[in-house]
Amino acid sequence: MTLSFEQLGLSAQRVACLKSLGFEAPTPIQSQAIPIFLEGRDLIGQAQTGTGKTAAFSLPILERVNPDLKVVQALILTPTRELAMQVSQAMQSFKADAALRVLAVYGGQAIDPQIAQLKRGVHIVVGTPGRVLDLLERQVLKLDHVNCFVLDEADEMLNMGFIPDVTTILNQVPETRQAAFFSATMSPAIFRLAKQFLDNPVNIKVEMPQATPNRIRQIGYAVPRRWSRPAVLQAVLELEDPTSAIIFVQTRREAADLTQRLQSAGYSADEYHGDLSQHQRERLLHRFKQGSVRWVVATDIAARGIHVDELSHVINYTVPDQHETYVHRIGRTGRAGSCGTAISLVHPTERYQLRGIGHHVNQEIQMLPAPTRAQIEARRFEHLTTQIQDVLQGERLASFLPLVSELSEEYDTRAIAAAALQLAFDQYPPIGNQLDAIYQGKSRSRATSARSERSRKSLSTKGV
Ligand SMILES: Nc1ncnc2c1ncn2[C@@H]1O[C@H](COP(=O)(O)OP(=O)(O)OP(=O)(O)O)[C@@H](O)[C@H]1O
Ligand SMILES: [Mg+2]
């Protein structure tokens, strides 16, 4: 039997607030972590992507904070700015008390307003380590009343080299604090770190956390030797026709180049990576969430924690080197009980790596051949047929009937309809060029192809 939010020890006010957000019952990580957190114990919380870890730590923190004390009582650290923002927004939505102040602090944004807010009194701070340290050095952020501390995406904090910063920050938090680590993936190094930072933690692990949710359909499309990867991507996008997608690439440069290519082919796509200003990043994320941009080409700064409602597809432009990266990237889809598709483009040299990932996530990743021209054409015809059916139901159709009558004096009506369809069909991005690019790629020499594959690999060591 699953317990209700009330039974987990949350206040009636909070439960009502959760109901209004559509949270009827706790997810497994919430059922297990909330009571332990409320007891004041340290914990390590591990559960699959998109299963509600944010609320698992946010709800008990909100219960434990005293709004009458105008001091920072809880600190949550996240590896990226957007995640700090998202976690603080989630907390705002759960807080059910206007007097309670939650503040997100992160770089790339003016520090003065953050300082002003801290001076006015904040109860909970969510931030990235860099900005938190900066505010500590300026002595505007004080942590001597913090009794709850959370590292979200704890393993990524370690991967990104944030641990010295985290140590410095924790040295300013009272020893008696409660602390917790959360992530879908945990490395052995994290458990070593837990020994240093956590006091006899309860280890909560639900639903095979390393595995990927089985609501995600996972497939690979072959990129044949000497074929051009961008052209195969375009063909896959045509065939799959994702309503919304994040296309993960290795470098900022790759993100910019690919975006340009997709935009010039007429697709609704934009880039998202660390070279953009914070304002640009936030604006794009907003447009993407609104649905005014369909596809985002991103580096791994978008791989962790970021939640976009109903994201239909995640695409790995190349197979990621780390299993964890794969798990977090594809976990941007199939969240909160919904379904999704994860696609990887797989060059023969990456087959082995993908098999290893399949083994790790305990799911077979079905391999499909690169889409053919015939498949893409068939898809377009299908698309066109649906559009025609919609138009046939509409009102505007009548205004074109006189034109049909006029033309039918000279031509057969079926021929007129076919001509109109041809015109509509030609509005699609040029399929010929796309596939020609693939076949051109095919005729390139083996040496050129090997060289470009190598230069791609060497690029992959650069920043995101
Ligand atoms: N009990 C619940 N009922 C309904 N929806 C929920 C519940 N808990 C969380 N959600 C929703 O599920 C979505 C995913 O939650 P969240 O971002 O916390 O996942 P996560 O486990 O932190 O994933 P990741 O590992 O990617 O960070 C959010 O939109 C959140 O609002
Ligand atoms: Mg999360």
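Basis of the calculations
- Residues numbered from 1 in each chain as written.
- Chains lettered and ligands numbered in written order.
- Predicted model: local features only at pLDDT ≥ 70, side-chain atom pairs only at ≥ 80, totals over all residues.
- Helix = DSSP H or I, 4+ residues; strand = E, 2+ residues; numbered from the N terminus.
- Buried ≥ 20, exposed ≤ 12 C-beta atoms within 10 Å, placed from the backbone.
- Contact = placed C-beta atoms within 7 Å.
- UniProt positions renumbered as here; feature names shortened; annotations may be inferred.
- Pairing = 2+ DSSP bridges.
- Axes fitted to C-alpha atoms, helices over the stretch in contact; angles between N-to-C directions.
- Near = placed C-beta within 6 Å.
- Nonpolar A, V, L, I, M, F, W, Y, C, P; charged D, E, K, R; others polar.
- Left-handed = near helix turned anticlockwise from the far one by under 90°.

Engineer: Would you mind going over the overall build of the protein chain with me for this structure?
Structural biologist: When helices and strands are tallied, the protein chain shows 19 helices and 14 strands. Taken along its principal axes, the extent of the C-alpha atoms in the protein chain is 85 × 55 × 50 Å. Across the 464 residues of the protein chain, 42% fall into the buried class. For the protein chain, restricting intrachain contacts to residue pairs at least 6 apart in sequence, the fraction spanning at least 24 positions comes to 77%.

Engineer: Got a minute to help me understand the UniProt feature "domain: Helicase ATP-binding" (unreviewed entry) in the protein chain in this structure?
Structural biologist: UniProt's feature table lists "domain: Helicase ATP-binding" (unreviewed entry) at residues 34-204, given in the numbering used throughout. Its end C-alpha atoms 11 Å apart, residues 34-204 is made of 44% helix and 18% strand.

Engineer: Quick question: what am I supposed to make of the sheet that holds strand E6 (residues 178-183) here?
Structural biologist: By definition, the strands of a sheet pair up through backbone hydrogen bonds, in either a parallel or an antiparallel sense. Taken in spatial order, the seven strands make up an open sheet running E3-E4-E2-E5-E6-E1-E7, and their pairing is parallel. Both outer strands of the open sheet, strand E3 (102-105) and strand E7 (202-205), are each paired with one neighbouring strand and no more. Each adjacent strand pair in this sheet contributes to an overall mean axis angle of 15 degrees, direction not counted. In the sheet, strand E1 (residues 43-46) pairs with E7 via four bridges, with the strands oriented parallel. Note that in E7 the partner of Ile44 across the bridge is Asn203. Along the sheet face, helix H4 (residues 81-94) touches strand E2 (74-77), E3, strand E4 (124-127) and strand E5 (148-152) and points at about 175 degrees away from the line of E3.

Engineer: What's the story with the environment of Lys19 in this structure? I'm lost.
Structural biologist: Along the polypeptide, Lys19 turns up in helix H1 (residues 12-20). Residue class for Lys19 comes out exposed when judged on the 11 C-beta atoms lying within 10 Å of it. Considered as a pair, Lys19 and Tyr352 are 333 residues apart in the sequence and their alpha carbons are 46 Å apart.

Engineer: Honestly, the site of ligand 1 in this entry has me stumped. Any pointers?
Structural biologist: Taken together, the neighbourhood of ligand 1 is formed by 19 residues, with Thr49, Gly52, Lys53, Thr54 and Ala336 sitting nearest. Counting residues per element, the shell around ligand 1 draws most heavily on helix H3 (residues 53-64), at three residues. Of the residues contributing to the shell around ligand 1, the split by class is six nonpolar, 11 polar and two charged.

Engineer: Sorry, what's going on with unusual backbone geometry here?
Structural biologist: Negative phi values dominate among residues other than glycine, just as trans dominates among peptide bonds. Phi angles above zero are rare outside glycine, and Glu153 is one such case at about 55 degrees. Looking at the secondary structure, you find Glu153 in the loop between E5 and helix H7 (154-159). Phi at Glu310 takes a positive value of approximately 55 degrees, unusual for a residue other than glycine. Topologically, Glu310 is positioned in the loop between strand E11 (295-298) and strand E12 (313-316).

Engineer: Help me out: how do you make sense of the packing of helix H6 (residues 129-137) against helix H8 (residues 163-170) in this one?
Structural biologist: Two measures define how a pair of helices packs: the angle their axes make with one another and the distance between the axes. Running from amino to carboxyl end, H6 crosses H8 at an angle of 35 degrees, the nearest separation of the two axes being 10 Å. Regarding H6 and H8, the two cross each other, and that crossing is left-handed. For the pair H6 and H8, the contacting residues are Pro129, Val132, Leu133 and Leu136 in the first and Asp165, Val166, Thr168 and Ile169 in the second. Within the contact of H6 with H8, the residues separate by chemical class into six nonpolar, one polar and one charged.

Engineer: What exactly am I supposed to notice about the UniProt feature "domain: Helicase C-terminal" (unreviewed entry) in the protein chain here?
Structural biologist: Sites flagged by UniProt as "domain: Helicase C-terminal" (unreviewed entry) map to residues 231-376. Between the C-alpha atoms that bound residues 231-376 the distance is 13 Å, and the span itself is 40% helix and 18% strand.

Engineer: Just checking my understanding: could you explain the pairing of E2 for this structure?
Structural biologist: Each regular strand carries side chains that alternate between the two faces of the sheet. Neither face of E2 is exposed, since Ala74 and Ile76 on one face and Leu75 and Leu77 on the opposite face are all buried. Where E2 lies against E4, four bridges are found, and the strand directions are parallel. For Leu77, the partnering residue across the bridge sits in E4 and is Gly127. Across four bridges, E2 lies against E5 in parallel orientation. Within the sheet, the bridge partner assigned to Ile76 lies in E5 and is Val150.

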